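A look at the structure
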Protein chains: 6
Amino acid sequence: MAHLRVINPNTAGAMTVVIGGAARAVAAPSTVVTAVNPDMGPESIESHYDEALAVPGLLTEIAAGERDGADGYVIACFGDPGLDAARELASGPVVGIAQAAMHAAMLVGRGFSVVTTLPRTTGRAWDLARRYGFGEACRGVHACDIPVLALDDPASGAREAVAALCAEAVAADGADSVVLGCAGMAPFAAEIAVRVGVPVVEGVAAATKLVEALVGLGLRTSTREEYAPPGPKRYTGLLSGFTVPTEGTLAVHSP
Amino acid sequence: MAHLRVINPNTAGAMTVVIGGAARAVAAPSTVVTAVNPDMGPESIESHYDEALAVPGLLTEIAAGERDGADGYVIACFGDPGLDAARELASGPVVGIAQAAMHAAMLVGRGFSVVTTLPRTTGRAWDLARRYGFGEACRGVHACDIPVLALDDPASGAREAVAALCAEAVAADGADSVVLGCAGMAPFAAEIAVRVGVPVVEGVAAATKLVEALVGLGLRTSTREEYAPPGPKRYTGLLSGFTVPTEGTLAVHSP
Amino acid sequence: MAHLRVINPNTAGAMTVVIGGAARAVAAPSTVVTAVNPDMGPESIESHYDEALAVPGLLTEIAAGERDGADGYVIACFGDPGLDAARELASGPVVGIAQAAMHAAMLVGRGFSVVTTLPRTTGRAWDLARRYGFGEACRGVHACDIPVLALDDPASGAREAVAALCAEAVAADGADSVVLGCAGMAPFAAEIAVRVGVPVVEGVAAATKLVEALVGLGLRTSTREEYAPPGPKRYTGLLSGFTVPTEGTLAVHSP
Amino acid sequence: MAHLRVINPNTAGAMTVVIGGAARAVAAPSTVVTAVNPDMGPESIESHYDEALAVPGLLTEIAAGERDGADGYVIACFGDPGLDAARELASGPVVGIAQAAMHAAMLVGRGFSVVTTLPRTTGRAWDLARRYGFGEACRGVHACDIPVLALDDPASGAREAVAALCAEAVAADGADSVVLGCAGMAPFAAEIAVRVGVPVVEGVAAATKLVEALVGLGLRTSTREEYAPPGPKRYTGLLSGFTVPTEGTLAVHSP
Amino acid sequence: MAHLRVINPNTAGAMTVVIGGAARAVAAPSTVVTAVNPDMGPESIESHYDEALAVPGLLTEIAAGERDGADGYVIACFGDPGLDAARELASGPVVGIAQAAMHAAMLVGRGFSVVTTLPRTTGRAWDLARRYGFGEACRGVHACDIPVLALDDPASGAREAVAALCAEAVAADGADSVVLGCAGMAPFAAEIAVRVGVPVVEGVAAATKLVEALVGLGLRTSTREEYAPPGPKRYTGLLSGFTVPTEGTLAVHSP
Amino acid sequence: MAHLRVINPNTAGAMTVVIGGAARAVAAPSTVVTAVNPDMGPESIESHYDEALAVPGLLTEIAAGERDGADGYVIACFGDPGLDAARELASGPVVGIAQAAMHAAMLVGRGFSVVTTLPRTTGRAWDLARRYGFGEACRGVHACDIPVLALDDPASGAREAVAALCAEAVAADGADSVVLGCAGMAPFAAEIAVRVGVPVVEGVAAATKLVEALVGLGLRTSTREEYAPPGPKRYTGLLSGFTVPTEGTLAVHSP
């Protein structure tokens, strides 16, 4: 039985519910999914500023997962915020949803289009594609210009707008799959796949299955050098709760 | 319940047994693993010539899997022979073990060393790493100079030689994981991981879990253009059995 | 005097005649061109499946060439099927027509557009461009959506369609040459070059001259590791004729 | 007259003094350098965890700089933490010291070696080199295995160890310059340059001059899409002080 | 006090005046700018032929600068002609204006469009972008099709044409800054920046500030191997004046 | 019958004799090889400075070839000096010997080592490899530290030193061919190939055959934009002889 902690790094609880649902919809019967969000940080993540400030809260959730015996983690925001830091804290594997969606897309096709929310986030999507090795396979990143928290508001027309943009993107890019660029788009995936006629990869589901796979393989993040647990260090001020008191003893928690 | 067809593309039945074991060791309880090998082609794959001639047999096994209702496929040879052609035939996902092992290594670390059998196969490993997007993450490809079929012969000293080479490779390459470069090395993975102290990724297991994950996500190879089923076409001579009689009706079989 | 074996890897004899003509039109007076096609495999190559199944027949023709004392080989299909395996068998150089055309284009300009047949083959063209080092120089791959065997049918309108697409491609891509993406387009090259006003490189002719050049330089495929002749190995079933009986003694033949 | 805010993102005040000195040593007479560090976060930055948790404090210092009318900013930690987020907040240019040092090295040579502190940070240095376009020009990243805060302790032997490693790195890498990989190495640069005989680039000084140059050119971070100021958003919990109340009115401050 | 020699490598004195003005407009009060052009070579640089033949004259100006005690050099033509050779001759740093503009653009944004003069020069701009590491960051190169010497002729409509093309380029390329691709466009930069709403980087100004920065940092071109001063060598014929008589004694001069 | 002009761009007549011999040794019976060198410029090319100053003389030889009806050109210096400019002047194809050798090596193997003369020239070899698309295939560039003009002096021990370095390079780089990095090494190629056991590609011979091939294919440098003949332009001073008087009328000559 695997315990997966699926972390929505923003503070919007309604979105955490959506994310938890997306994860549980694909998880194996033997997998326990715990969907959480921190109680500190931004209510949605739509800029580098938001992303940076979502990381402390994310790390408290990783630390909480360690205390609770989590076997693996999903970072359920398409910018994969704090992935490297989370890997240092977690004893089990950690996968971001952009990472997972791009990996999955590469296993079922040759090149993908990313369809995301705000235009200002497209640079981050490209950075991640290149970081993961998919700079050539990522054929285009397209923004529908709808804020994250409006995605689940029927009045926003998001479902239709995202579907239409997916169809346009595939044609314009010569892609053969679509990667949805926001956890909030999870509920749209199945419908869009039918409409566009190509695999549509939604990251929360993809990450859930990939972490399950890694846990099943007994694979964890390498601790050779870079991702070894951080050594003891004093943190001060507002962040004093993040102090690492002793080697191998994580004490990170939300003060 | 998922039916996975794990295809050893060479004709060495003993190796198929090893491969089937490696797949079943990690498969979910609800997954049925069918491990097979074709009855045509080379007894091991150690050259481009062998690899090319393993593909017709592999394709007969894909076609057989389609007739049997397989949900997904593993190509259990580290050169990932015939992957593109297999994707055209199969209705479910197809993953090669080099592909799977490299993807998994990228999810648990930053850069991997490949340890393989004969020096003449290192070029193919590099080609695959680049094809999959991991040309930079692949830090080195190292050959132990032991033929494929000698790997399971205790007299070959393969277990020790491969383990020693893995340790050397990680240090020389500054890698933080190891990818084992032959299906025949599957039984060595756990022991080497302990010895070297980094994740050691074995492709048969990795591919089994990744295909399970894709099946669980409802993802199949895109049929937009490149990987659409091949159209009707006449094949002649020795290969006349590979004729595609009508659109959408696969008739490939070993004559 | 150089003996060149120009191999059409599909079984369409009419196309072999066209290919032989294209090769002889540029060959030196002292070069003997033998244009052949195998008697096994697909009648045209339009998918990865076709390509994979064209390779055994191609290899029988390489082996036949070795018995006949061929000095060099051209693989006359734009997917360059079986190039790596052929290099292992042949004592003289082997050049594929995609490879040759791209190399030649790079010697007379800065960037080329590829104009090919079916949309499903564009992925392969990109793979080859990247494999040969020309991923940046290849500015675009465009498909005219005419099947290979229809190219020489006046009713298909292929000549006009290909010419028009070449002109569009150069303008859209900012290319300064065109690479024709199918051996069957060889007869169109001269006319299109005049019409579009840039060098139009046809692979059969280009490969013929490049193999002549290599033979004239006394260069053969390196036998250091990767492309050394395959060692002895037993092949079974339908492909038992491909058994390599002893080191250095090629016995490949169509059974 | 330009006001430069040089931000040490860790909380070690002694290091801030060193950094301020390095900046003032090269600043133009008309430049006012304000060297600061936040009062929240880690006392040194030696892991992804540290780096992520240094960013909130860094951002408070950017916001403070905006209130104080700073014309430009230096992020004085070699991981360039929070650079993208800082660019969103700052009206003037922001340059990280890894970025600056690599850019400067590229203006005086062909390829550089990076010499840094702990082995676990080399991955981040490679990420930055690739992000900035210098993945090929970065010839190697070498760690002296001395913690950041020990650099200015004569008992650590850091000065000698770093100098020796610079000499070895240049020879091993075939580099023609050295980039020092930690702000704490600033006092060593001149001496090492003499000893090794190649340009040794220290990032605090380099960033100071590059920001001066950008200010002199009237160039600021582009606000087209990605780096536009973040929109209004509620932050909660420990980080509620980071709330952006209204468009264009930055209210970030350490609560 | 820094002496900067800003070299217009063509023989058009009016353009040298413009270039000198652009450099002085941004130079520090303590910087002395000497703007010169050689008396040999082409009157403008619009082809590889022109560029190659501008280099001897450029080198005479570098040598003259060395005799005059110049601290650094700007090569004020967007092709950065002779940069590598100039670095060998000069004891201080040498920066080309394409190089400077691209570096500066990378410090204030994520990706730039280049707007240049004649279509035939776009290949060179791409070559330089790739050489400097910005092959991905360079989002497009656009030519206004106005000859260099017509840029300052009001009748050419250049100011308007260049501004309009900059706006189009940014939108088409998804760039967030513009690099002006000719020294003759220097007077247009400020106006275009206002009109397009993104940073517009003009290379003469950028190079002036970057050379000032390098001089302020005490950095000079590395003399390890590649850019060491050329050894003694006899030059004959028309170019006999370029003979290097003895190690370390530069005697290059216009005969 | 093809007229090939093989241009040694330095002024060392003895080297021109060697180069002419290497070209004639492989040229077809119907090819007339004219080996020349300019009477202006450096006596050998061993720096960027030398290379830049070899180009005017090279261009006079291209212009002379145009007057004499040359069908194609070889630039017989491994830095391929002036290649782009020469392409603009010449109506037939122009190939540099580094370019030719690298292309030929790619046709007979997977990766090559370059063995060249002085360490200061290795940067140029890497630049060319990347420019031609072979940045990954070039496995290493090694310098024997023997000046160009000493290569044919038996007392220099060059023959032995170069051969030994080729053997070391192949082993260290895992290459399967060698590219000789100086025209002066042409006489060593055959002997080294036997000794090292891999293809050894010498650029003068390779370029001769490639230009013959291009001429035989009727291919010339594209005149679309970049390589179109340079337009009329006034050249002054020492270089006034390079003036282009009218469109399409080349008047370049050594004054």
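Think of each chain on its own: its residues are numbered from 1, step by step along the sequence as written. Key to labels: chains lettered from A, ligands numbered from 1, both in the order written. Local features are withheld for residues below a pLDDT of 70 in this predicted model, meaning they are given only at 70 or higher, and side-chain atom pairs are given and counted only at 80 or more; totals for whole chains, interfaces and linings count all residues. For side-chain calculations, the full set of non-hydrogen atoms in the structure is used, while hydrogens and water are omitted.

You'll find chain A entered in an unreviewed UniProt entry as Allantoin racemase, with Sphaerisporangium rubeum given as the organism. UniProt positions are given in the numbering used here, feature names are shortened, and annotations may be inferred rather than shown by experiment. Recorded in UniProt under Sequence similarities (unreviewed entry), the annotation for chain A is "Belongs to the HyuE racemase family."

**Details of the sheet that holds strand S9 (residues 200-202) of chain B**
All names here are of chain B. Should DSSP find at least two bridges between two strands, the strands are regarded as paired. In this description a helix means any DSSP run of H or I spanning at least four residues, a strand means any run of E spanning at least two, and both kinds are numbered starting from the N terminus. Read from one edge to the other, the open sheet built from four strands follows the order S7-S6-S8-S9, with strand pairing classed as parallel. Two strands close off the open sheet at either side, each with one partner strand: strand S7 (138-143) and S9. Ignoring strand direction, the axes of neighbouring strands in this sheet form an average angle of 25 degrees. Sheet analysis places strand S6 (residues 112-116) next to strand S8 (residues 177-180), joined by four bridges and oriented parallel. Across the sheet, the residue bridging to Ser113 is Val178, located in S8. Residue contacts are defined here by distance: any two heavy atoms, one from each residue, within 4.5 Å place the two residues in contact. The convention used is that axes are lines fitted to C-alpha atoms, helices contributing only their stretch in contact, and that angles between N-to-C directions extend from 0 to 180 degrees. Sheet strands in contact with helix H6 (residues 158-173) are S6, S7 and S8, and its direction is about 150 degrees off that of S6. Sitting on the sheet, helix H7 (residues 189-196) is in contact with S8 and S9, with an inclination near 165 degrees to S9.

**Notes on the relation of the copies chain A and chain D**
Superposing chain A onto chain D takes a rotation of 180 degrees plus a shift of 0.0 Å along the axis, which leaves an RMSD of 0.0 Å. In the structure described here, the two chain copies are related by an operation that fits a two-fold rotation axis. In this assembly, 100% of the residues forming the interface of chain A have copies in chain D that are likewise at the interface, indicating an isologous arrangement. Here the copies are superposed with least squares, the fitted atoms being C-alpha atoms of residues at a pLDDT of at least 70 in both.

**Focus: the domain arrangement of chain A**
All names here are of chain A. Segmentation into domains, and thus their bounds, comes from an automatic or database assignment. Along its sequence, chain A is organised into domain 1 (2-96 + 206-242) and domain 2 (98-202). A straight line from the C-alpha centre of domain 1 to that of domain 2 covers 22 Å. Each partner contributes to the interface: domain 1 provides 26 residues, whereas domain 2 provides 29 residues. Simply put, the buried area is the total loss of 1.4 Å probe accessible area from both parts when two parts are fitted together. Summed over both partners, the interface of domain 1 with domain 2 buries about 2000 Å², with 63% contributed by carbon and sulfur atoms. The working definition used for a salt bridge is a side-chain nitrogen of Lys or Arg within 4 Å of a carboxyl oxygen of Asp or Glu. Taken together, the links from domain 1 to domain 2 amount to two salt bridges. For Arg124, the salt bridge identified is with Glu51, shortest N-O distance 3.0 Å. Contacts described as polar in this section are N or O atom pairs within 3.5 Å, which, within protein, must combine one atom able to donate a hydrogen with one able to accept it, while residues neighboring in sequence count only if both atoms come from side chains. Here domain 1 and domain 2 share 13 residue pairs in polar contact (both at pLDDT 80 or more) between them. Breaking the side of domain 1 that touches domain 2 down by element, the ones donating at least two residues are helix H1 (13-26), helix H2 (48-68), helix H3 (83-89), strand S5 (94-96) and helix H8 (203-217).

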